[in-house]
Amino acid sequence: MKYRFILALLILNSMQIYSENFTIEEILNLKNQGLISEEEFKVLKSELDNENLSMENLYDLNINSKLTSRTYKVYEKNKQYFFPLKEFFKYINFSNYTENKNEIVLYLGSALKEVKIDLKENEFIFQENNEIYIQSSKFSEIFLNTLSINSDELLIRMYLSFDTPKEINELLDISKNKLLRKEKEEDLVFTSKKKLFDLGYARIQLGQNFDKAAGSRGYEDSWDGNVGYQGGLLFGQFTTDYDLKEKELNTVRLEYVDIWKGHNLDIENRRNGDKRESGIFFYKNKGYYETAGGQVVIRENVPLGSRVELIYMGTPIEIKDDDNGIVEFDNPLIRTDRTYVLRIYEPDGKIYEKNIKTIQDYNLQQKNQFEYKVALNESSQYNRYKTDIDIFYGVTNNLTMGFGYSRDIEDIQVGRDYTGNIKSKVKYLNNAKLDLVYGGTYNAISYIFNLSGTKTLNSYNSYKEINNEKRNISLEERYSYKYLNQFNYSKWKLIYEYENFGEFYEEKNRNKVDLKYDIFSNTDVGYKYEMRRYKYKADEKSEQITIDSDYTWNKFLFSAGTSLDINDSKNNEYRASVYYSGWERLTGRLENVWLENGKEYESRISLYNNNIGGFIDFSTELAYSKKEKERVSFKFSMKLDNWLKFDTNLSDDGAQSHRIGVDKIVDLKNPSVNLDTMDNSRVKVITFIDSNNNDIYDANEEIVPGVEVNIGDKVVVTNESGEGMFYGIGNGVLYDLKVTIKKPSFTLGNNKIKIKSNFSSTIDAYIPIKPMLTLSGNVELDKEFNLNENEKSEFYSDLIIELKDSNGVVVETAAPDNEGLFDISGLFPKEYYIEVTYIGSKYNFKTIREEIELFYSKDSSINNVLLKISNNNIAINTSENKKNMARLRR
């Protein structure tokens, strides 16, 4: 079209040589002959009519060094160039924009840079025929890095300042291919096999104590001792502890971790005074709970004998030893909507971490997702069992329904006896629960609505004396329902609660408002309001302003906070703390708390570490309390070489306590191994030649001795039986096994070997060693071709041999040499497709494609294949009487 227009201009120019100007009839004649289009006719007519309108030219458009169009319409007006915007969008396949009468909003590139173009900016923009034209300098400012306009050659070169949709898709394709390649790296994860019984680990704790009371001159000595055990039993993990001094069995627990969709099952029998109680728990562990006073407590099951660090904003803020496999932190820095890390250090430097996110979701589930909370507990006081069941089901991704049932044991007051004492009867009470949770996001506002209620189903009467009036109230009047709203928007969070109580309760209703604003990322100010209304006494109101701020600098974490009671300043509280973790594994902290509006003061400075050089663990603490009559106390604890432990407690009033003891973990299958915790597993590795490439150890497959296997800094070399044993591999951690194969022509292939144990047991890890094979081929030409050596060499060079996997992906491409031989190495014993294509022009051969199977042999790593070419046909032959021929599958 552009060249036709140029031709028309040449014709008109030639007309002007012999005439002063051309006429409307002449350009109309050009249009009728098809030499110019209707639009070109209008342009020429406007010039003929001496109208001062823009001139339209058709340019070659080159974008990012690629010719995109030969007909890019550009207006030249008042010596300025105007580019059509939508036509430009069409060439780069761009559609990520919105348009209205006043402006067009663009989102450019993978960064989604927002650009707004004012369509009323008449100096740089005009519209015509549903197209938007932008002046070249403005266009360049928005879209381009460089722009070159050659009006003589009608050529525009531009380089964009953003990624085009095509380039973004290409980047996505590259990322997708990387992910696909990563998916091909098969992860072979070996885990604990649940067994009826698997001998485990013992923890021996013996100590001698020397205690002196304040004002006393002498020491009283005593001893303590415990033996703990952890191992596999009844296809779960069995844990127990026996008090040697008291000759009492403590808690006995059988745990099934992640038994079903993230749920755990615990069965336990515990000591309660001189009696015992049993319990069953089925639950999904969230890692934290909130007390009635609003304090968030992180609670987690951890390996027995562990020391656990609580880490916030990258800084350890507290460390605790486990209590029978459980650790709890109630540090004031623990708040909702925060992320914390529980970290356990292993002696060899490995780290076991658990992330705890204290986010209130009110049990909101995804669609078709269930969460269960089931507890059955024995009460030794009544010699009966209590039941508590909660079920939450996601109807949609936004709506969750919860149902609950509890069967409690209570003393129900029924009146007074003849002596005037309250009489009561023990009854089972059945309670029903209901929860409706709806949550989502709208216009950047996240919201949760929660309607819940509980009701006692029994109709027993309960005796009450209210304002000197004796009354019997049915337990059917024992109910409550609560409505809760939570909104989060930007830095704001608002929670509103309303709870109403039935006639059974003294409380009538309760209103609560919790408003929080994040001034900075870790600094917030809050307002809390609560009003409790009662039926028979005065209402109670509380108002509180809170400010909390946490800041990290270098290796320091600074924390400060206050809680101001608006109605009673005596309840004001102030906190200021500093944590430092700059001494490698040493952590120090200074905590100060002012209570009762500053009248009471407590301060504590402590220093602790996690395993220096695999030899020393210690913690020390110096505390001052004005509340306890200005008492100063000092604590020190140290563990040497993972078995010898010292503890000291001193007070300025003369009280002292010292303990020296043994704390040792023993692998009952191998007592000579040095262990740090009972929560361990053994790993038995077996290396074998995977001759059929199925990653499974089959009975007829050979073992491979002398293979080096690493887990962390632990190393074993498989013996003549292809076996090696690891001890003290911590549970709950996913470990990568590094495998070093010393034999040539063997590899792990695409496999990555991993192990993970969730309970103390022995893991059998069968590591498949892949033999590397070579496909060796020979091209045989029929004598009827009658080719000399040079012609044969030329024929061979026109053959392309592709080897593809079962998905049709090319593994390797080869071409025969001048003697018709070719080799493809680095293959596995499995099925491949071999495809042979003739690319020359002298013969007419069809491409052939056959499936062949390569196999492993002790004698040779080479599989042979023969290509026979005759009568204009190419045939693959694997049945010749040659050794190690590949198998043809048809």
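Residues numbered from 1 in each chain as written. Predicted model: local features only at pLDDT ≥ 70, side-chain atom pairs only at ≥ 80, totals over all residues. Heavy atoms only, no water.

S.K.: Tell me about the overall build of the chain, and name the residues and values.
M.R.: Tallying secondary structure elements over the chain gives seven helices and 62 strands in all. If you take every contact in the chain between residues at least 6 apart in sequence, the share linking residues at least 24 apart comes to 48%. (Helix = DSSP H or I, 4+ residues; strand = E, 2+ residues; numbered from the N terminus. Contact = heavy atoms within 4.5 Å.)

S.K.: Give me the lowdown on the nonpolar core, citing residues and values where you can.
M.R.: Of all hydrophobic cores here, the largest spans 31 residues; its most connected members are L775, F795 and I869. When contributions to this core are tallied by element, the ones reaching two or more residues are β54 (773-781), α7 (789-797), β55 (799-804), β57 (821-827), β58 (831-838), β59 (848-853), β60 (862-870) and β61 (873-877). Grouped together as the second largest cluster of nonpolar side chains are 29 residues, F94, L106, I132 and L160 included. (Core = buried A, V, L, I, M, F, W, Y, C linked by side-chain atoms within 4.5 Å. Buried < 20%, exposed > 50% of the residue type's maximum accessible area, 1.4 Å probe, protein only.)

S.K.: With reference to specific residues and values, describe the packing of aromatic side chains.
M.R.: Overall, the coordinates contain 44 aromatic pairs when judged by the stated rule. Taken together, a centroid distance of 4.9 Å and an interplanar angle of 50 degrees make the contact between F89 and F94 tilted. The buried category is assigned to F89, whose relative accessible area is 2%. The class of F94 is buried, set by a relative accessible area of 8%. Centroid distance F89 to Y97: 5.0 Å. Interplanar angle 40 degrees. Geometry classified as tilted. With a relative accessible area of 26%, Y97 lands in the partly exposed category. A cation over an aromatic ring shows up here: K138 above the ring of F124, its NZ or CZ 5.8 Å from the ring centre. Against the face of Y428 rests R407, its NZ or CZ located 3.9 Å from the ring centre. (Phe/Tyr/Trp six-rings, centres within 6.5 Å; stacked < 30°, edge-to-face > 60°. Lys NZ or Arg CZ within 6 Å of the ring centre and 35° of its normal.)

S.K.: How would you explain helix α4 (residues 85-92) if you had to name every residue and give the values?
M.R.: Since the α-helix turns once every 3.6 residues, residues separated by three or four places project in the same direction. The buried fraction of α4 amounts to six of the eight residues, a majority that puts the element mostly inside the structure. Of the residues trailing α4, N93 is marked for its positive phi of about 60 degrees.

S.K.: Help me get a handle on the sheet that holds strand β6 (residues 113-118), residues and values and all.
M.R.: Strand order across the open sheet formed by three strands is β4-β5-β6, with antiparallel pairing between neighbours. The two strands at the open ends of the sheet, each matched to only one other strand, are β4 (97-99) and β6. Recorded for the sheet is a direction-independent mean angle of 10 degrees between the axes of neighbouring strands. When β4 meets strand β5 (residues 103-108), the two strands line up antiparallel, connected through three bridges. By the bridge assignment for β5, E99 is matched with I104. Strands in contact with helix α5 (residues 136-143) are β5 and β6; relative to β5, the strand with the most contacts, it is inclined by about 40 degrees. (Pairing = 2+ DSSP bridges. Axes fitted to C-alpha atoms, helices over the stretch in contact; angles between N-to-C directions.)

S.K.: With reference to specific residues and values, describe a nonpolar patch on the surface.
M.R.: Together, I204, L206, W223, V227, Y242, L249, W643 and V662 line one region of the surface with nonpolar side chains, adding up to about 610 Å² of accessible area. When contributions to the nonpolar patch are tallied by element, the ones reaching two or more residues are β12 (197-212) and β13 (220-233). Relative to the elements of secondary structure, I204 occurs in strand β12. A relative accessible area of 32% means that I204 is categorised as partly exposed. (Patch = residues over 30% accessible without salt bridge, like charges linked within 9 Å, V, L, I, M, F, W, Y side chains within 5 Å. Areas by Shrake-Rupley, 256 points an atom, 1.4 Å probe, with all protein chains shown as cover. Salt bridge = Lys/Arg side-chain N within 4 Å of Asp/Glu carboxyl O.)

S.K.: How would you explain the pairing of strand β27 (residues 384-394) if you had to name every residue and give the values?
M.R.: The pairing of strand β26 (residues 370-379) with β27 spans ten bridges and is classified as antiparallel. Across the sheet, residue E371 finds its bridge partner in β27, namely F392. The antiparallel hairpin formed by β26 and β27 contains four residues in its connecting segment, where N383 sits at a positive phi of about 60 degrees. In this sheet, strand β28 (residues 399-416) lies alongside β27 in antiparallel orientation, the contact comprising eight bridges. Residue pairing for β28: G394 is matched across the bridge by T400. In textbook terms, the turn of a hairpin is the stretch between consecutive antiparallel strands, and for β27 and β28 this stretch comprises four residues.

S.K.: How would you summarise the confidence of the model for the chain if you had to cite specific residues and measurements?
M.R.: For the chain, per-residue confidence averages 82 on the pLDDT scale, and residues scoring 70 or more make up 86% of the total. Note that pLDDT drops below 50 for residues 14-20; the model gives that stretch four contacts with residues more than four away or on any other chain. (pLDDT = per-residue confidence, 0-100.)

S.K.: I'd like a description of the pairing of strand β9 (residues 144-150), backed by residues and values.
M.R.: Sheet topology note: the β9/strand β10 (residues 155-160) ladder contains six bridges and is antiparallel. From the neighbouring strand, L147 faces β10, where its bridge partner is M158. Hairpin connection from β9 to β10: four residues lie between these consecutive antiparallel strands, with L154 at a positive phi of about 50 degrees.

S.K.: Tell me about the side chain of N572, and name the residues and values.
M.R.: Within the secondary structure, N572 sits in the loop between β38 (556-565) and β39 (573-583). Residue N572 is classed as buried on the basis of its relative accessible area of 8%. Leaving out residues up to four positions away in the same chain, N572 has contacts with S563, L564, D565, W594, L595, E596 and N597.

S.K.: Quick rundown of a negative patch on the surface? Include the residues and the values.
M.R.: Together, E789, D817, E819 and D823 give the surface a local cluster of negative charge. Secondary-structure assignment places D823 in strand β57. (Lys, Arg positive; Asp, Glu negative; His and termini not counted. Charge placed at Lys NZ, Arg CZ, Asp CG, Glu CD.)

S.K.: Which residues make up the sheet that holds strand β52 (residues 752-756), and what values do they have?
M.R.: Across the sheet, which stays open at both edges, the five strands sit in the order β11-β52-β50-β47-β48 with mixed pairing between neighbours. Every interior strand has two partners, whereas the edge strands, β11 (187-191) and β48 (714-717), have only one. Strand-to-strand twist of the sheet, defined as the mean angle between neighbouring strand axes without regard to direction, takes the value 25 degrees.

S.K.: Before we move on, can you summarise the environment of E540 with the specific residues and values?
M.R.: With respect to the helices, strands and loops of the structure, E540 is situated in strand β37 (residues 540-553). Linking E540 and E530, residues ten residues apart in sequence, is a C-alpha distance of 8.2 Å. Apart from the residues lying within four places of it in its own chain, the contact partners of E540 are E530, M531, R532 and Y534. Side chain to side chain, E540 and Y534 meet in a polar contact 3.4 Å long. (Polar contact = N/O pair within 3.5 Å; in protein donor to acceptor, adjacent residues only side chain to side chain.)

S.K.: Before we move on, could you go through the side chain of R270 and cite the residues and values that matter?
M.R.: Along the chain, R270 falls in strand β17 (residues 263-272). Within the structure, R270 has its side chain in polar contact with the side chain of E268 (distance 2.9 Å). Only 2.8 Å separates the side chain of R270 from the side chain of N377, close enough to count as a polar contact. If we skip the residues at most four places from it in the chain, R270 touches T251, K275, R276, E277, S278, G279, F281, N377 and E378.

S.K.: Please give an account of unusual backbone geometry that cites residues and values.
M.R.: With a phi close to 60 degrees, N93 is a non-glycine residue in the positive phi region. The phi angle at L234 is positive, at roughly 50 degrees, despite the residue not being glycine. Tracing the chain through its elements places L234 in the loop between β13 and β14 (236-243).

S.K.: Provide a residue-level description of the environment of E465, including the pertinent values.
M.R.: Along the chain, the position of E465 falls in strand β31 (residues 461-466). Its relative accessible area of 38% is what places E465 among the partly exposed residues. Each C-alpha atom, one on E465 and one on G415, is 9.4 Å from the other, the two residues being 50 residues apart in sequence. A polar side-chain atom of E465 sits 2.6 Å from a polar atom in the side chain of R416. Among the polar contacts made by the side chain of E465, one reaches the side chain of Y463 at a distance of 2.5 Å.

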